[in-house]
Amino acid sequence: MIELKNVTRRFGQTVAVDHIDLTVETGEVCVLVGSSGCGKSTTLRMINRLLPTSSGEIQVDGEDIAGMDLQRLRLNMGYAIQGTGLFPHWTVARNIALVPRLLKWPKARIQARVSELLEMLDMDPARFAGAYPQQLSGGQAQRVGVARALAADPNILLMDEPFGALDAITRENLQLEMLRLQRQLKKTTVFVTHDIDEALRLATRIAVMDQGRIIQHDTPENILRRPASDFVENLVGRQDRGLKLMALRPVRDLMTPHDKPHPAEPGADGLKEDDSLRLALSVMLWQDLQQVAVFDHLGNETGVLLRQRLIEGGV
């Protein structure tokens, strides 16, 4: 879907991106991660030509973007940024409808799409469509920013630290929202963050950048198990990589399934099949449990997770 070939970007004598090669496959989430000033946002902005390359070539679907019509290029790419970039004097509905209006969609189709996206992001259209950005919480405004990026159903989604300014709880909720949307929509996504935990949670593959170069491009698990350099090892954490690995695996991987799922007893506590093994370990240690019930999305008990099994097989 996206391919960068020997791409460099200079600002005067400063090299911001230094001869990088990167391929982002169709439907995957590629997260660019690294410290401030490493070139990750510059790389993202070259993909939709907000910044030109100094040298090298960027292709989308095998076509050099330098020769593509700029409007056609950008209308096929949703773009979400930190702070949302919403127009303050436009309603939520009008903000979301920006690109469909540019594409001259019929009014009824635009209204239906706005309602669909708000519902998808757990925002009641009757309540929020007519609201203004200043009436929203930070998390709600960021959801609207994501909805606007998705509005015209682009093939590619570019996200530049979209959750960076949010509090930890809101940020985690939106990360979960992103994972749910990705399972549903399967957009080809390039996501920039400086937070390695966010990268590990969201990525299909991670590109670790330092001083304008890609140091390692691999799956989250491989980056944790086999960091390519001391820089990467320090970035992912030398001492807690085991816990980070557990965060990548769902409870269903290690649970002991029941022969037949059965309805949960009223008030029963437990874990969901999609919860991470890291969360499971935390629950067991905090409550001093040797085992915990596991439930599916319908609330049926589908198995149990044994503490000993978790410790032996968690990583």
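Within an unreviewed UniProt entry, the label attached to the protein chain reads ABC transporter ATP-binding protein, and the organism entered is Marinobacter halodurans. According to its UniProt record, the protein chain has this under Sequence similarities (unreviewed entry): "Belongs to the ABC transporter superfamily."

Caption draft 1: The arrangement of unusual backbone geometry in detail. Its identity is not glycine, yet K104 carries a phi of approximately 60°, on the positive side. Among the structural elements, K104 can be located in the loop between α4 (98-102) and α5 (107-120). You will see that D153, though not glycine, has its phi angle at about 55°, which is positive. Relative to the assigned elements, D153 resides in the loop between α7 (138-150) and β7 (156-160).

Caption draft 2: Region of the structure containing the sheet that holds strand β14 (residues 300-306). Judged by pairing direction, the sheet is mixed, and its four strands sit side by side in the order β11-β14-β13-β12 without closing on themselves. In this open sheet, the two strands that pair with only one neighbour each are β11 (256-263) and β12 (271-272).

Caption draft 3: Main features of the layout of surface pockets. Of the pockets and cavities examined, the largest pocket occupies roughly 1,600 Å³. Around the largest pocket, the lining is made up of 45 residues, and of these L176, L179, R201, A247 and S276 lie nearest the centre. Secondary structure elements with two or more residues in the lining of the largest pocket: α8 (168-185), α9 (196-202), α10 (220-225), α12 (241-247) and α13 (277-287). Ranked by the residues each element gives to the lining of the largest pocket, the list is headed by α8, at nine residues. For the second largest pocket, the lining is made up of 18 residues, of which R74, M77, Y79, L98 and V99 are closest to its centre. Listing elements by their share of the lining of the second largest pocket, those giving two or more residues are α2 (70-75), β6 (77-81), α4 and α7. Taken together, the residues of the lining of the second largest pocket sort by class into 13 nonpolar, three polar and two charged.

Caption draft 4: Looking closely at the environment of N222. Assignment of secondary structure puts N222 in helix α10. N222 gets classed as partly exposed once you look at its relative accessible area, which sits at 21%. For N222 and T42, which are 180 residues apart along the polypeptide, the C-alpha to C-alpha distance reads 25 Å. Once residues within four sequence positions are removed from consideration, N222 is found in contact with Q216 and P227.

Caption draft 5: Examining the packing of α7 against α8 more closely. Put simply, α7 and α8 touch, their axes get as near as 10 Å, and they point 25° apart. Looking at the two axes, α7 sits roughly parallel to α8. Our pair here, α7 against α8, has a crossing hand that is right-handed. Contacts between α7 and α8 involve G139, Q142, R143, V146 and L150 from the former and T170, L174, E177, L181 and L185 from the latter. Looking at the contact of α7 with α8, its residues break down into five nonpolar, three polar and two charged.

The rules behind each value
Residues numbered from 1 in each chain as written. Predicted model: local features only at pLDDT ≥ 70, side-chain atom pairs only at ≥ 80, totals over all residues. Heavy atoms only, no water. UniProt positions renumbered as here; feature names shortened; annotations may be inferred. Helix = DSSP H or I, 4+ residues; strand = E, 2+ residues; numbered from the N terminus. Pairing = 2+ DSSP bridges. 1 Å grid on protein atoms, 1.4 Å probe; cavity = no way out; pocket = protein on both sides within 12 Å on 5 of 7 lines; lining within 4 Å. Points joined across faces, edges and corners; volume = space filled by probe spheres on them. Nonpolar A, V, L, I, M, F, W, Y, C, P; charged D, E, K, R; others polar. Buried < 20%, exposed > 50% of the residue type's maximum accessible area, 1.4 Å probe, protein only. Contact = heavy atoms within 4.5 Å. Axes fitted to C-alpha atoms, helices over the stretch in contact; angles between N-to-C directions. Parallel < 35°, antiparallel > 145°, perpendicular 65-115°, else oblique. Left-handed = near helix turned anticlockwise from the far one by under 90°.

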